[in-house]
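# Secondary and tertiary structure notes
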Amino acid sequence: MTPKNTGRRLLRTREALELSQAEFCRQIGVERNLYNPFEKGRRRITIDVAMKIRDRYGITLDWIYAGDQHALPSDLYHKLVTSAA
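This write-up is about the structure you can find in this document. The structure presented is a predicted model; accordingly, all values stated were derived computationally and were not measured.

### Observations regarding helix α4 (residues 47-57)
Residues Val49, Ala50, Ile53 and Tyr57 constitute the buried set of α4. Down the axis of α4, the buried set is contained in an arc of 100 degrees. They therefore lie on one face. Away from its buried face by more than 90 degrees, α4 exposes Asp48 and Asp55. Tucked into the core, α4 has its buried residues touching α1 (3-16), α2 (21-28), α3 (32-39) and α5 (61-66). Two residues or fewer past α4, glycine 58 is found with a positive phi of approximately 70 degrees.

Listed below in structure tokens is the structure:
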């Protein structure tokens, strides 16, 4: 559960959603300069931002923080599995 691992999951998730970082941030209502260090693995994502991602996209906190794929929306799960192959 390092910031780097979380950052990789955030990046993979955003790419699976086919969104630029700017658009992703706009949709969750977070400034890009706040979000970017999370995705780069420089800072641990805050619960407030993680909750915004959960509320907007249905992405579980278990995925964001621990990498548990089991409760992800099925379409996103399949995109993530496919992109990892």
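### Here we look at the environment of threonine 46
Mapped onto the fold, threonine 46 is located in the loop between α3 and α4. Of the residues examined, threonine 46 reaches a relative accessible area of 29% and is grouped as partly exposed. Ignoring anything within four residues of it in the chain, the contact list for threonine 46 reads Phe38 and Tyr65.

Parameters and conventions
- Residues numbered from 1 in each chain as written.
- Predicted model: local features only at pLDDT ≥ 70, side-chain atom pairs only at ≥ 80, totals over all residues.
- Heavy atoms only, no water.
- Buried < 20%, exposed > 50% of the residue type's maximum accessible area, 1.4 Å probe, protein only.
- Helix = DSSP H or I, 4+ residues; strand = E, 2+ residues; numbered from the N terminus.
- Arc of directions from axis to C-beta.
- Contact = heavy atoms within 4.5 Å.

By themselves these figures say nothing about function.
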